[in-house]
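So you can see what is in the structure, the chains are spelled out below.
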Amino acid sequence: MARISVFGIGYVGIVSAACLARDGHQVTAVDIDQGKVDTLNAGRAPIVEKGLDALVAETVGNGTLTATADTGAAIRDTDVSFVCVGTPSDPDGSVGLGHVVSVCEAIGRALGNKQDFHSVIMRSTIVPGTMEEVCIPTLETASGKRAGRDFGVGYFPEFLRESTAIEDYADPGLIVFGALDDRTRDILTAINQDLPCEMNKVDLRTAEMVKYTSNSWRAMKISFANEIGNIAKANDLDGQAVMRILCSDDKVAMSPAFLRPGFAFGGSCLPKDVRALRHVARVKDVPTPLLDAVLEGNVAQIGRAEEMIHSASRKAVGMIGVSFKSGTDDLRESPLADLAARLIEGGQEVQVYDPYVSEAFETDPGAAGRGNEVVPDLSARMETDLDTLIENSDVIVVGNSYPEAQDRIREAAKDVRVVDLTRIDPAMVSGERYQGICW
Ligand SMILES: NC(=O)c1ccc[n+]([C@@H]2O[C@H](COP(=O)([O-])OP(=O)(O)OC[C@H]3O[C@@H](n4cnc5c(N)ncnc54)[C@H](O)[C@@H]3O)[C@@H](O)[C@H]2O)c1
């Protein structure tokens, strides 16, 4: 069991402090607000949350939870600190780091006076890069010590929900953390190991990004459900019934397969159906900012790929895949066909390897390609030999994934530039020659 200080007796801090004390740790809660310190030391919770009053009374009563405004004493008497100070929005929308900076300065000064190793674990919500660019330098400057060597550093975002915070603490939906050093990683592992949830051990920036992604995702789902509900009501339908039925489909509608960053959507259904639903809403004067953005974002993703290819090469482009997904020759609203058309219009030489589209051309050489309305001479641009395509290209664009192409592309990425829109290999990340669209 550890000796833990928790900085910030706000919502997150008090719930964590009380739960850690209940789990047998010796916890010191720290706040600059003497009123909160006094309230806690009197055995009362400074916020209203189901089950918290009893937990605070019990843990303060048995001496496992105490509070102080003295940062120096708290650092001296504990081995690890969790920092849970507020990060409100600044007027320009950026994350307000005033409390984070001042708590890091105070903890850093105290670390400067401490001989033993101490880990500082940030729990406040902070944007990617804040640990490396703000918290660690502030702690180092104030302490005169090196992070990762002289003291430990970690980032462990909190996902609890107000009103069910104590239940969420014992049964979290997500655990993710990053640490600069093994000792801090071990502390975080030990604290989480009995919880019924997978531990995601990542780098500091990824942990920071996951927290914002989680909150933005939840916010977006609410706005999406509201937009559907508004369209439904305008058409005398029950929006909640519609969404409830949608949510019952965990094979397609709720599938993680559609939450994998990559290239634009296309095909014969999604673009036309989003347009049609938007039209249904327009007829009833229902605004659809989210559906509008869905279509705008999709066009922008094609533009993003085009930009990446332009920066990689101004000459010969070898596209692997042109149909809207692998396993079909369907070119209707294929974003890869759109991309090819844009590149051709921009003056690039485009050759295409797509076994399914080539097979269709073999049976009907005079055809334009099923559903192709954007690349008039597609048939002449098809290359059935992958090696020839790679040899003749300055940049390879991986649009669809074909098993026979994976090793060849991975090999080619050593010599030729590759722009990958699908991710041929999870181990590959953007570098000098290889660029993934979202990784
Ligand atoms: N409230 C939630 O449901 C929730 C959930 C997950 C994550 N978060 C994040 O956790 C962080 C804390 O949120 P909160 O709602 O608990 O904040 P809060 O504003 O309720 O509490 C923050 C506390 O920190 C104290 N504080 C400020 N500077 C201090 C310092 N230098 N030393 C010691 N204490 C100091 C304040 O006095 C206050 O009591 C935020 O980054 C928030 O975004 C909040």
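Residues numbered from 1 in each chain as written. Predicted model: local features only at pLDDT ≥ 70, side-chain atom pairs only at ≥ 80, totals over all residues.

(A) Highlighting the site of the ligand. Taken together, 25 residues lie around the ligand, and G8, G10, Y11, G86 and S124 are the ones closest in. Listed by contribution, the elements that provide at least two residues to the shell around the ligand are α1 (11-22) and α5 (98-112). The leading source of residues in the shell around the ligand is α5, at four residues. Of the residues assigned to the shell around the ligand, the class counts are 11 nonpolar, nine polar and five charged. (Near = placed C-beta within 6 Å. Helix = DSSP H or I, 4+ residues; strand = E, 2+ residues; numbered from the N terminus. Nonpolar A, V, L, I, M, F, W, Y, C, P; charged D, E, K, R; others polar.)

(B) Examining the domain arrangement of the protein chain more closely. Entries for the protein chain in the domain assignment read domain 1 (3-203) and domain 2 (297-436). Centre-to-centre separation of domain 1 and domain 2, based on C-alpha positions: 49 Å. (Domains from an automatic or database assignment.)

(C) Representation of the nonpolar core. V6, A17, A18, A29 and V83 are the most contacted members of the largest nonpolar core, which has 63 residues in total. No other element matches α1, which puts eight residues into this core. Beyond its immediate sequence surroundings of up to four residues, V83 is in contact with F7, G8, V103, V120, I121, M122, R123 and S124. With 42 residues, the next largest nonpolar core counts F263, V317, L339 and V418 among its residues. (Core = buried A, V, L, I, M, F, W, Y, C linked by C-beta atoms within 7 Å. Buried ≥ 20, exposed ≤ 12 C-beta atoms within 10 Å, placed from the backbone. Contact = placed C-beta atoms within 7 Å.)

(D) How the structure looks around the environment of N215. Within the secondary structure, N215 sits in helix α9 (residues 204-234). In this structure, the C-alpha to C-alpha distance between N215 and G8, residues 207 residues apart in sequence, is 21 Å.

(E) Representation of the pairing of strand β3 (residues 65-68) in the model. Residues of β3 alternate between two faces, with L65 and A67 buried on one and T66 and T68 left unburied on the opposite face. Taken together, the four bridges between strand β2 (residues 26-30) and β3 define a ladder with parallel strand orientation. Note on β3: the bridge partner recorded for T28 is T66. (Pairing = 2+ DSSP bridges.)

(F) Here's a closer look at the packing of helix α12 (residues 289-312) against helix α13 (residues 335-345). Relative to each other, α12 and α13 sit at 45°, their axes nearing to 10 Å. When the interaxial angle is binned, α12 and α13 end up oblique. Note on packing geometry: the crossing formed by α12 with α13 is right-handed. Along the contact surface, α12 presents I302, A305, E306 and I309, while α13 presents P335, D338, L339, R342 and L343. Partitioning the contact of α12 with α13 into residue classes produces six nonpolar, no polar and three charged. (Axes fitted to C-alpha atoms, helices over the stretch in contact; angles between N-to-C directions. Parallel < 35°, antiparallel > 145°, perpendicular 65-115°, else oblique. Left-handed = near helix turned anticlockwise from the far one by under 90°.)

(G) Representation of the sheet that holds strand β13 (residues 434-436). Taken together, five strands build an open sheet; the order of strands is β10-β9-β11-β12-β13 and the sheet is parallel. Bordering the open sheet on either side are β10 (349-353) and β13, each of which pairs with just one other strand. When the angles between neighbouring strand axes are averaged without regard to direction, this sheet yields 20°. Packed on one face of the sheet, α12 meets β9 (316-320), β11 (395-398), β12 (417-420) and β13 and runs near 175° to β12. Running over the sheet, α13 touches β9 and β10 and is turned about 155° from β10.

(H) A look at unusual backbone geometry. A positive phi angle, close to 60°, is found at D285, a residue other than glycine. Summarising the element assignment, D285 is placed in the loop between α11 (270-283) and α12. Phi is positive for R423, which is not a glycine, with a value near 80°. Structurally, R423 can be placed in the loop between β12 and β13.

(I) Geometry of the packing of α5 against helix α6 (residues 130-143). Interhelical geometry of α5 versus α6 gives an angle of 35° and a closest axis separation of 7 Å. You can see that α5 and α6 cross each other, and the crossing is right-handed. When α5 is examined against α6, the residues V100, V101, C104, E105, I107, G108, R109, L111 and G112 are found in contact with a partner set consisting of V134, C135, T138, L139, T141, A142 and S143. In terms of residue class, the contact of α5 with α6 is built from nine nonpolar, five polar and two charged.

(J) Representation of the pairing of β11 in the model. Both faces of β11 are covered, namely the face carrying V395 and V397 and the face carrying I396 and V398. Here β9 runs beside β11; their pairing, made up of four bridges, is parallel. Counted as the bridge partner of I320 is V398 from β11. With four bridges connecting them, β11 and β12 associate as parallel partners. Paired with V398 across the two strands is D420, which belongs to β12. Running through helix α17 (residues 406-412), the crossover from β11 to the neighbouring parallel element β12 is right-handed. (Right-handed = clockwise from strand over helix to strand, strands pointing away.)

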